[in-house]
Amino acid sequence: MKLKHILLVGGAGYIGTSVTEHLLSKGLKITCLDSLLYAQKNSIKKFKSNKNYNFFLGDIREKKSYKNILKNVDVVIILAGLVGDPITKKYRQLSNSINLSGMKKFILACKKTKKLDRLIFISTCSNYGLSRKKNIIFKENSPLKPLSIYAKQKVEIEKFLLSFRKSENFKPCILRFATAFGLSPRMRFDLTVNHFTKSIFENKELEIYDAETWRPYCHVKDFARLIYIAITCKSKKIAFQVFNAGSSKNNFRKIDIINKIKKILFVRNIVFKKNDIDQRNYKVNFEKVKKVLKFKTKFSLEYGIKEIQRAIKKKKFKISKSQLGNYYIQNN
Ligand SMILES: NC(=O)c1ccc[n+]([C@@H]2O[C@H](COP(=O)([O-])OP(=O)(O)OC[C@H]3O[C@@H](n4cnc5c(N)ncnc54)[C@H](O)[C@@H]3O)[C@@H](O)[C@H]2O)c1
């Protein structure tokens, strides 16, 4: 196989840095374009000595950031953006400009790049929204009912990509990721499993809203493995396809996660609350990605909980300030 050159847009993020580790270990050439919104320079430091890694500080909203880069890459993976409900709600205008208008402009530039073999857009299972009926498990063709600005913008970009169906030389694929967990070079402790584990380990009071609600989860290293499969498979297998990304066995309620943590850590200081504003409650079917791309997850929830516990014990994290002025927990 010809050595592919991959552009990871948003590659300095939580999932992006884990993907970088995996793709470099497979000998692929990586260019990362990222605005370092969270001032997460430390998270990419270790890649810089690798001859197959290049970093460009830039913004998907600015053509000059990517014009030349696009001429030289075979595959584009889009991970960039403001991620999650709280941040897109708080910075609505910025979210519109990055996640919607900036993203569309960037996608159009990719479409014009004749050499591009494929484009993979990372979307979210949050697009399914809420299931009030018991036993509904969402498939790729289930109706989308996004509840948050974040998910509504993801749905709009999905539609935008799929509207190019007749284009011969543009082959986008959409991966709807489950909620991620696990250790990554750029850590996020706002995600359910990571947040629960850290709070419980540090014996902080933990408020859990709607403990019975379901959501699918997937380890960041498994996402990295899936992206490798999506890069190396025949492009016609994934062109204009949507895949739920995760595993059917990893649909859990929040209470199930607490019960798993209980087997590893001493749990106290938990307050259960009802009627959160976050109404997401859904189970997802991941059979298509298993069947078509032969993807099976390897890393369990227990694995993620234990590795995070070990990293916190080693004091691997510190607080630093982001471009948005907020303080974030970063890798040391
Ligand atoms: N983390 C999850 O649980 C999860 C679940 C489903 C889908 N996703 C999707 O996966 C992708 C990555 O998520 P993540 O958890 O790694 O988030 P993250 O916030 O850690 O990563 C996003 C990256 O994008 C960069 N970025 C932001 N705006 C940019 C811009 N204008 N130009 C260039 N770079 C910019 C940030 O600096 C950051 O490195 C996102 O598209 C997200 O919607 C994540």
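Here the structure is a predicted model, which means the values were calculated and not measured.

### Overview of the pattern of salt bridges
Two side chains that carry opposite charge are able to pair once their charged atoms sit near each other.
At step 1: This structure, assessed with the given rule, holds 17 salt bridges.
At step 2: Note that R118 is salt-bridged to D117, the shortest N-O span being 2.8 Å.
At step 3: Look at R118 and you get buried, because its relative accessible area is 4%.
At step 4: Here D117 falls in the partly exposed class, since its relative accessible area comes to 23%.
At step 5: Put simply, E202 and K204 hold a salt bridge, and the shortest N to O gap is 2.7 Å.
At step 6: E202 sits in the partly exposed class, given a relative accessible area of 30%.
At step 7: Salt bridges linked by common partners bring K4, D117 and R118 together as one network.

### Digging into the state of the cysteines
At step 1: Enumeration according to the criterion identifies zero disulfides in this entry.
At step 2: Of all cysteine sulfurs, the one in C173 lies closest to C110, which takes part in no disulfide; the gap is 14 Å.

### A closer look at the nonpolar core
At step 1: One finds I6, I15, I77, I120, L175 and I231 to be the most contacted residues of the largest nonpolar core, which totals 54 residues.
At step 2: Ranked by residues supplied to this core, first place goes to helix α8 (residues 220-232) with seven residues.
At step 3: Each residue touching L175, except ones within four places of it in the same chain, is listed here: I120, F121, I122, S123, T124, L226, I227 and F243.
At step 4: I69, V76, M103 and F106 belong to the second largest nonpolar core, which has 36 residues in total.

### Considerations on the packing of helix α5 (residues 92-112) against helix α6 (residues 149-162)
At step 1: The contact between α5 and α6 brings their axes to 11 Å, and the two run at 15°. Relative to α6, α5 is oriented roughly parallel. Here α5 runs over α6; the crossing is right-handed. Here α5 contributes R92, S95, N96, N99, L100, M103, K104, I107 and L108 to the contact with α6, which in turn contributes I149, Q153, E156, I157, F160 and L161.
At step 2: For the contact of α5 with α6, the per-class residue count stands at eight nonpolar, four polar and three charged.

### Quick word on the site of the ligand
At step 1: Of all residues adjacent to the ligand, which total 31 residues, the nearest are Y14, D34, Y150, A180 and R188.
At step 2: Here A180 contributes a backbone N or O atom positioned 2.8 Å from an oxygen atom of the ligand.
At step 3: Bound to the protein, the ligand loses 98% of the 830 Å² it would expose on its own.
At step 4: Residue assignment for the shell around the ligand shows that the elements contributing at least two residues are α1 (14-25), β5 (118-124), α6 and β8 (179-181).
At step 5: A total of three residues in the shell around the ligand trace back to one element, the largest contributor, which is β5.

### Examining the packing of aromatic side chains
At step 1: Tallied over the full model, the rule gives eight aromatic pairs.
At step 2: Relative to F170, the ring of F164 has its centre 5.7 Å away and its plane inclined at 85°; by these criteria the two rings are edge-to-face. Each member of the pair, F164 as well as F170, is classed as buried.
At step 3: Measuring from centroid to centroid gives 3.7 Å for F177 and F223, while their planes differ by 5°, and the two rings are stacked. Within this pair, whereas F177 is found in strand β7 (residues 172-177), its partner F223 is found in helix α8, the two being separated by 46 residues in sequence.
At step 4: What makes F177 buried here is its relative accessible area of 4%.
At step 5: Residue F223 is classed as buried on the basis of its relative accessible area, which comes to 0%.
At step 6: Members of the aromatic cluster, joined through ring pairs, are F160, F164 and F170.
At step 7: Across the ring face of Y228, the terminal group of K26 is positioned such that the distance to the ring centre comes to 5.0 Å.

### Some details on the pairing of strand β4 (residues 75-78)
At step 1: The side-chain alternation of β4 yields two buried faces, one formed by V75 and I77 and the other by V76 and I78.
At step 2: In terms of strand pairing, strand β1 (residues 5-9) meets β4 through four bridges, oriented parallel. In the strand pairing of β4, V9 is matched with I78.
At step 3: Sheet analysis places β4 next to β5, joined by four bridges and oriented parallel. Following the sheet pairing, V76 is matched in β5 by L119.

What counts and how
Residues numbered from 1 in each chain as written. Predicted model: local features only at pLDDT ≥ 70, side-chain atom pairs only at ≥ 80, totals over all residues. Heavy atoms only, no water. Salt bridge = Lys/Arg side-chain N within 4 Å of Asp/Glu carboxyl O. Buried < 20%, exposed > 50% of the residue type's maximum accessible area, 1.4 Å probe, protein only. Disulfide = S-S within 2.5 Å. Core = buried A, V, L, I, M, F, W, Y, C linked by side-chain atoms within 4.5 Å. Helix = DSSP H or I, 4+ residues; strand = E, 2+ residues; numbered from the N terminus. Contact = heavy atoms within 4.5 Å. Axes fitted to C-alpha atoms, helices over the stretch in contact; angles between N-to-C directions. Parallel < 35°, antiparallel > 145°, perpendicular 65-115°, else oblique. Left-handed = near helix turned anticlockwise from the far one by under 90°. Nonpolar A, V, L, I, M, F, W, Y, C, P; charged D, E, K, R; others polar. Near = heavy atom within 4 Å. Polar contact = N/O pair within 3.5 Å; in protein donor to acceptor, adjacent residues only side chain to side chain. Areas by Shrake-Rupley, 256 points an atom, 1.4 Å probe, with all protein chains shown as cover. Phe/Tyr/Trp six-rings, centres within 6.5 Å; stacked < 30°, edge-to-face > 60°. Lys NZ or Arg CZ within 6 Å of the ring centre and 35° of its normal. Pairing = 2+ DSSP bridges.

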